[in-house]
Structure formats: structure tokens, C-alpha cells
Amino acid sequence: MQNIKMEFTIEHTWDDLPVSHKPVTIGLKSYDGGLLMVVNAPFFNDPPAPLGEPGKPFRNLWDYEVVEAFFLNDRTEQYLEVELCPHGQHLLLLLSGKRRVWKEELPLEFEVTRMETKWEGKAHLPWNYFPPCTNKFNAFAIHGSGDQRKYEALHPVPRCELQEGQKPDFHRLEFFKELNLKRLMGEDWKQPESDIWKSQAN
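What you see is a predicted model; the values in this text were computed from it and never measured.

### Here we look at the overall build of the protein
So, point 1. Each helix and strand in the protein was counted, giving 2 helices and 13 strands.
So, point 2. For 202 residues, the compact-globule estimate of 2.2 N^0.38 gives 17 Å, and the protein sits close to it at 16 Å.
So, point 3. Projected onto its principal axes, the C-alpha positions of the protein cover 45 × 40 × 35 Å.
So, point 4. Across the 202 residues in the protein, those meeting the buried criterion constitute 50%.
So, point 5. When the accessible surface of the protein is split by element, carbon and sulfur atoms take 47% of a total near 10400 Å².
So, point 6. Each charge sign in the protein was given a centre, from 24 positive and 31 negative side chains, and these centres are 2 Å apart.

As C-alpha cells, this is what we get:
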């Protein structure tokens, strides 16, 4: 099963318009004890790098250039949010209920290869971080500064659902789409229990 990979391409802005550059791709594949998430993205270098140490968690990373992935159990609204920056910083959040963070700045094995106009990131996400029965997914990319800030989504808000004056909101869980991890792991696979999420339930 090791060679099976899922690949997702972020081809639209958060409000469902085509992106104007080579799109960000996110690959997921099995690795020992979890998923390997591989990001390939253009490198805009805008805004400039966060002041935090590469390889370490950085608060409010969403204010910088970042690619994000959300792994959701849509019945409980428990989810893992993964934020990866081309400068090497990361931020992992566990949420129980929409926008309700209960654990953050989890450690992460994350490597970045950065070139002049593109970057690749590899993050090892242990099963322990995933909420029980993870079954939905969305991914996002952000870059740019001021009124040139761009918000992009794998599964955007459909044009017909937009309200006047609406702002980007990556926690619209109703627009997430199915993620069938058995396609990666095999039909007999069962998601390992998480001590971290179990502690939240107690």
C-alpha cells in the first residue's frame, strides 16, 4: 500500500474564481505511523518570512505565506489544522467545534526545500493528531500583502452561496469534501486511536 498517493490541486480562490498562477498541489501518502503531506507551491516571498525559528511552531502563521490542510470529522466537528510556511515554520491546531482551538503548537517533523520561485514542504503527520473517524478535508493557500492578499481554496465557497461583503473564512466546514483514508491505507485499515483526542474527551 506504500506507493498509493492522493493528490489535490488548489485551482480556485476562496470565492471560486480561477487562480492566476501555477496552482499549489498537496499530496498525501501513508508513512510509518501517519500521513506524509507533501506541498509543492509557487514561492511568492510575500509577506516576508516570519521572525520565528525555522522548524518550530509559530503563532498566527496564517498572517504570512502559508499552505493549510484541515482534516475533519464532520459529525463531531473535531478537526486538525496544519499550516506550513515556505520559510520552515509551522503551526498545528486541534479544534473541537468550529474555530474552538483546544491544543496548539504541536511538534512536527517538517522539511522545506526552497528555490527562487517555488518550494516543496514535507510534513510527517502522526495518526495521534487526527480526530477519530476523520472523513472530510479541505486545503488552502495564502500569500500577498495588504489589499493584494490572496486566499485560495481546494473546495471554495460556491459563487451561488456568496453573500455581499463576505470575507474569506476557512472554517466553513459545510464546504469540506470527503476524504476516504481507506483509499490510501487499504480497505481493512482502521484509524488508530489517538491518546491526545481521548484526553480531550475526558
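Picking up after the structure, the text goes on.
### Let's talk about the pattern of salt bridges
So, point 1. The final tally for this structure, using the stated rule, is 9 salt bridges.
So, point 2. A salt bridge links Glu 7 to Lys 5; the shortest N-O distance between them is 3.4 Å.
So, point 3. Here Asp 74 and Lys 136 are joined by a salt bridge, their closest N and O atoms 3.0 Å apart. Taken as a pair, Asp 74 in the loop between strand E5 (66-73) and strand E6 (78-84) and Lys 136 in strand E11 (residues 136-143) lie far apart in primary sequence, 62 residues in all.
So, point 4. We classify Asp 74 as partly exposed; its relative accessible area is 37%.
So, point 5. Look at the salt bridges and you will find they share partners, linking Arg 59, Glu 104 and Glu 105 into a network.

About the cut-offs
- Residues numbered from 1 in each chain as written.
- Predicted model: local features only at pLDDT ≥ 70, side-chain atom pairs only at ≥ 80, totals over all residues.
- Heavy atoms only, no water.
- Helix = DSSP H or I, 4+ residues; strand = E, 2+ residues; numbered from the N terminus.
- Rg over C-alpha atoms; globule rule 2.2 N^0.38 Å.
- Buried < 20%, exposed > 50% of the residue type's maximum accessible area, 1.4 Å probe, protein only.
- Areas by Shrake-Rupley, 256 points an atom, 1.4 Å probe, with all protein chains shown as cover.
- Lys, Arg positive; Asp, Glu negative; His and termini not counted.
- Charge placed at Lys NZ, Arg CZ, Asp CG, Glu CD.
- Salt bridge = Lys/Arg side-chain N within 4 Å of Asp/Glu carboxyl O.

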